Amino acid sequence: VLFQSGARINISEGNCPERIITLAGPTTSIFKAFSMIIEKLEEDISTSMTNSTATSKPPVTMRLVVPASQCGSLIGKGGCKIKEIRESAGAQVQVAGDMLPNSTERAITVAGTPQSIIECVKQICVVMLESPPKGVTIPYRPKPSGSPVIFAGGQAYAVQGQHAIPQPDLTKLHQLAMQQSPFPIAHSNQGFQAGMDASAQTGSHELTIPNDLIGCIIGRQGAKINEIRQMSGAQIKIANPVEGSTDRQVTITGSHASISLAEYLINAR
């Protein structure tokens, strides 16, 4: 369907956790192709809302891959240009501080209504035309993944059997994604000790989970919650029901990596 836009389109190979769509051609064709992509993303969100208990519709989110040498012009002096684009387009725009793995490109995350994203992309394209890339651009290429990859709490993990192996390169990508947990999280007991390895730092997080969802997290005779404990390595305590409350408190304790993984697995359930 995208080829109807008139833009030249290339889609990267499919055995990676991410795929890149490259659009080239006149700006009118690019905007048309972007509009069609955004319409599809909006349609997918609407479809997923049908069977969801969520009350508010999440924004459409798109990530652009841009040569790092052009990002300075997009940000502007003291952030003035990016602020102007945000205000006039009405979209959230975030330029990643780090370059994508093994490349000289950076990701720009744009989120909002379909109309605000299209307007935002137009303004970004105008700046890019006015400020061509400098030097050689090494394009970002997603690495093939031989095992399922999950993203949790700012960390990426490859799942191998019952183990989750941290993936530093993919972690950088996840940090750009602006993903939010569907459940409110209360941060507490963040105990840091100087000189300790990051994986050894321990803390405690609390999740508030609706009563009607707690059963699918616990599973039959506690099978699911025990599986989550085993996979994440975190301690997970589910509070007893409180009379008059529609929610249950879940306390997760352990290293930051294990807490992140436990949160992901609970949200996935």
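In this report, the structure presented in the accompanying data block is examined. The model shown is predicted, which means the values in this text are computed figures rather than measured ones.

## Notes on the nonpolar core
1) Next: Core analysis: the largest hydrophobic core is formed by 30 residues, its most contacted members being L64, I108, V110, C120 and I124.
2) Next: Among the elements that line this core, the one with the most residues is helix α1 (residues 27-50), at seven residues.
3) Next: If near-sequence neighbours (up to four positions away) are discounted, L64 is found in contact with F34, R106, A107, I108, V110, V121 and I124.
4) Next: In terms of nonpolar packing, the next biggest core, distinct from the first, is built from 18 residues, I225, I236, L261 and A262 among them.

## Notes on unusual backbone geometry
1) Next: Backbone geometry at N102 places phi at a positive 55 degrees, although glycine is not the residue there.
2) Next: Look at N102 and you get exposed, because its relative accessible area is 61%.
3) Next: Backbone geometry at Q221 places phi at a positive 55 degrees, although glycine is not the residue there.
4) Next: Note that Q221 resides in the loop between α6 (211-218) and α7 (223-232).
5) Next: Q221 gets classed as exposed once you look at its relative accessible area, which sits at 81%.

## A closer look at the sheet that holds strand β5 (residues 105-112)
1) Next: Judged by pairing direction, the sheet is antiparallel, and its three strands sit side by side in the order β3-β5-β4 without closing on themselves. Only two strands of the sheet have a single neighbouring strand rather than two, namely β3 (60-67) and β4 (92-95). Sheet twist, expressed as the average angle between the axes of neighbouring strands with direction ignored, equals 20 degrees.
2) Next: In this sheet, β5 lies alongside β3 in antiparallel orientation, the contact comprising eight bridges. Residue L64 lies in a different strand from β5, and its bridge partner there is I108.

## Re the environment of I218
1) Next: Here I218 shows up in helix α6.
2) Next: Leave out the neighbours within four places in its chain, and I218 touches A223, K224, I225 and I238.

## Considering α1
1) Next: Taking 1.5 Å per residue, 24 residues should reach 34 Å; α1 reaches 35 Å between its end C-alpha atoms and fits that length.
2) Next: When α1 is considered as a whole, its buried residues turn out to be S29, I30, F31, A33, F34, S35, M36, I37, I38 and I45.

Quick notes on the rules
- Residues numbered from 1 in each chain as written.
- Predicted model: local features only at pLDDT ≥ 70, side-chain atom pairs only at ≥ 80, totals over all residues.
- Heavy atoms only, no water.
- Core = buried A, V, L, I, M, F, W, Y, C linked by side-chain atoms within 4.5 Å.
- Buried < 20%, exposed > 50% of the residue type's maximum accessible area, 1.4 Å probe, protein only.
- Helix = DSSP H or I, 4+ residues; strand = E, 2+ residues; numbered from the N terminus.
- Contact = heavy atoms within 4.5 Å.
- Pairing = 2+ DSSP bridges.
- Axes fitted to C-alpha atoms, helices over the stretch in contact; angles between N-to-C directions.
- Expected span 1.5 Å × (residues − 1).

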